[in-house]
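Letter by letter, the chains look like this.
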Amino acid sequence: MPSTIESPYTPEQIKVWFRGLLTIAWADGHFDEEEKSLITSMTQEEFAPNIDFFDALEPIAAEDLANVLGKQTEAAEDFLRTAVMVALADGVYSTEEDQKLHSFCTALGLENQVLDSVRATLYDLKETAPVQPTDDEHGLEPLKPAREWLDQLEVKDPRLARFICKMVPSQCPFERDVTLFKKKIVHIPAMCKLNPLYDQLVGLRFRALSYLADDCGEDVTPYL
């Protein structure tokens with residue numbers, strides 16, 4: 001049964017929030033049919049069932065996003081956290097996603113130091129593997145600010161909670177080989193090896209599950 005808990009976000013905020021996440025998801029152009037089906041399902045059934053479906057799928061400009069979410073607001077920062085989560089969910093953080101996130105960050109009037117640390121994971125499409133961040137010369141972990149920032153996201157809306165539970169896999173996907181005519185073309189490592197912020201995504205998913213179960217009284221079995 002859908003939760004009746006009151007959301008701190010208005011329907012208009014939820015609408016532009018999801019359009020912003022879609023804009024990030026489509027930024028690098030790598031959007032296959034499976035991902036499209038997942039986004040379609042979440043748009044129609046979970047995230048925003050009462051808004052115009054095709055309008056919701058339109059990418060949104062950074063300025064339009066800021067006009068609704070506001071500048072330097074809690075909603076703006078929480079949106080940016082979920083946007084980073086979407087960009088990192090597949091284990092590949094692309095230049096296109098990075099540029100779009102920074103434009104959102106600027107329009108929302110937020111500091112970009114955390115995004116600068118996430119930039120350490122940028123994926124070069126000319127290479128065969130993502131850039132693996134290493135400790136700097138002072139022994140500091142470059143992704144520590146991003147990890148702490150993502151861990152601060154509080155789940156306060158059932159639609160966002162369901163979105164997180166669907167977007168982030170329940171367990172680290174198995175590594176596998178892609179073959180063609182019995183010949184290995186490429187080896188895909190497990191997401192937990194590919195994504196240096198995977199633990200933060202798993203932690204966020206757990207908080208979303210706990211929110212749905214404890215605060216909303218929903219059955220979370222379908223997400224387990």
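Here the structure is a predicted model, which means the values were calculated and not measured.

Student: Quick question: what am I supposed to make of the overall build of the protein here?
Tutor: Helix and strand counts for the protein come out as 11 helices and 4 strands. Expressed as a percentage of the 224 residues in the protein, the buried residues total 46%. With the model as given, the accessible surface of the protein reaches about 12200 Å², and the carbon-plus-sulfur share is 52%.

Student: Honestly, the nonpolar core in this entry has me stumped. Any pointers?
Tutor: Membership of the largest hydrophobic core comes to 58 residues, with the highest contact counts inside it found for F79, M85 and L101. Elements that contribute at least two residues to this core include exactly helix 1 (11–25), helix 4 (62–69), helix 5 (74–88), helix 6 (95–107), helix 7 (113–118), helix 8 (144–151), helix 9 (158–167) and helix 11 (198–215). Broken down by element, the residue count for this core peaks at 10 residues, all from helix 5. Ignoring any residue separated from it by four or fewer positions in sequence, one finds M85 in contact with F163, I164, M167, V168, L201 and L204.

Student: Looking at this model, I keep getting lost on the pattern of salt bridges. Mind explaining?
Tutor: Pairing between side chains of opposite charge can happen when the charged atoms of each approach one another. Using the criterion set out here, one finds 7 salt bridges in the structure. Where E148 meets K144, a salt bridge forms, and the shortest distance between an N and an O atom there is 4.0 Å. Of the two residues, E148 and K144 both sit in helix 8, 4 residues apart, roughly one turn of that helix. Residue R159 pairs with D157 through a salt bridge whose shortest N-O separation is 2.9 Å. Given the relative accessible area of 22%, R159 is considered partly exposed.

Student: Is there a simple way to think about unusual backbone geometry in this case?
Tutor: Residues other than glycine predominantly adopt negative phi, and peptide bonds predominantly adopt the trans conformation. Positive phi, close to 55°, is recorded for Q72, a residue that is not glycine. Tracing the chain through its elements places Q72 in the loop between helix 4 and helix 5. Overall, the relative accessible area of 63% leaves Q72 in the exposed class.

Student: Please explain helix 6 as it appears in this structure.
Tutor: Spacing of three or four residues puts side chains on the same side of an α-helix, whose turn is 3.6 residues. The first and last C-alpha atoms of helix 6 sit 19 Å apart over 13 residues, in line with the 18 Å expected at 1.5 Å per residue. Considered for burial, the residues of helix 6 that qualify are E97, D98, L101, H102, F104, C105 and A107. G109 sits one or two residues past helix 6 and shows a positive phi near 70°.

Student: Would you mind going over the packing of helix 4 against helix 6 with me for this structure?
Tutor: When two helices pack together, their arrangement is given by the angle between their axes and by how far apart the axes lie. Put simply, helix 4 and helix 6 touch, their axes get as near as 9 Å, and they point 40° apart. Our classification of the angle between helix 4 and helix 6 gives oblique. Handedness of the helix 4/helix 6 crossing: right-handed. Contact residues: A62, E63, L65 and A66 in helix 4; S103, F104 and A107 in helix 6. Taken together, the residues of the contact of helix 4 with helix 6 break down into 5 nonpolar, 1 polar and 1 charged.

Student: Got a minute to help me understand the packing of aromatic side chains in this structure?
Tutor: Any aromatic ring pair is given by two values, namely how distant the centres are and how the planes are angled relative to each other. Tallied over the entire structure, the rule returns 4 aromatic pairs. Their ring planes at 85° and their centres at 6.0 Å tell us that W17 and F79 sit as a pair that is edge-to-face. Taken together, the residues W17 in helix 1 and F79 in helix 5 connect sequence positions 62 residues apart. Each member of the pair, W17 as well as F79, carries the same accessibility label: buried. Three or more aromatic residues joined by ring pairs form one cluster here, namely Y9, W17, F79 and F104.

Student: I tried to follow the environment of E97 on my own but got confused; where do I start?
Tutor: Looking at the element boundaries, E97 is found in helix 6. By relative accessible area, which is 3% here, E97 ends up buried.

Student: I tried to follow helix 11 on my own but got confused; where do I start?
Tutor: Between its first and last C-alpha atoms helix 11 spans 25 Å; for 18 residues at 1.5 Å apiece the expected length is 26 Å, and the two agree. Among all positions in helix 11, only Y198, Q200, L201, L204, R205, A208, L209, Y211 and L212 are buried.

Student: Whenever I open this one, the side chain of T23 confuses me. Can you help?
Tutor: Structurally, T23 is set in helix 1. Those residues in contact with T23 that lie beyond four places of it in its chain are P59, I60, K100 and F104.

So, how was this worked out
- Position numbers for residues count from 1 along each chain, tracking the sequence in the order it is written.
- With pLDDT at 70 or above as the cut-off, local features in this predicted model cover only qualifying residues; side-chain atom pairs require 80 or more to be listed or tallied, and sums for whole chains, interfaces and linings still use all residues.
- Only hydrogens and water are set aside when side-chain values are computed; all heavy atoms of the structure are taken into account.
- Secondary structure counts use DSSP, requiring at least four H or I residues in a row for a helix and at least two E residues in a row for a strand, with both numbered from the N terminus.
- Exposed residues in this analysis have more than 50% of their type's maximum accessible area, buried residues have under 20%, and partly exposed residues fall in between, with area computed by a 1.4 Å probe over protein chains only.
- For the accessible areas, the method is Shrake-Rupley and the probe is 1.4 Å, while residue cover comes only from the protein chains on display.
- What we call a nonpolar core is a set of buried Ala, Val, Leu, Ile, Met, Phe, Trp, Tyr and Cys residues that are connected through their side-chain atoms within 4.5 Å.
- The contact definition used throughout considers only heavy atoms, calling two residues in contact when any of these lie within 4.5 Å.
- Any carboxyl oxygen of Asp or Glu that lies within 4 Å of a side-chain nitrogen of Lys or Arg is treated as forming a salt bridge with it.
- A helix is expected to span 1.5 Å multiplied by its residue count minus one.
- Every angle, taken between N-to-C directions, lies between 0 and 180 degrees, and every axis is a line fitted to C-alpha atoms, over only the stretch in contact when it is a helix.
- The cut-offs work like this: below 35 degrees is roughly parallel, past 145 is roughly antiparallel, 65 to 115 is roughly perpendicular, and the gaps in between are oblique.
- The crossing is said to be left-handed when, going from far helix to near helix, the turn is anticlockwise and less than a right angle, and right-handed when the turn is clockwise.
- Classes in brief: Ala, Val, Leu, Ile, Met, Phe, Trp, Tyr, Cys and Pro nonpolar; Asp, Glu, Lys and Arg charged; the others, Gly included, polar.
- Think of it this way: a Phe, Tyr or Trp ring, Trp meaning its six-membered ring, pairs with another when their centres are within 6.5 Å, and the plane angle makes it stacked under 30 degrees, edge-to-face over 60, tilted otherwise.

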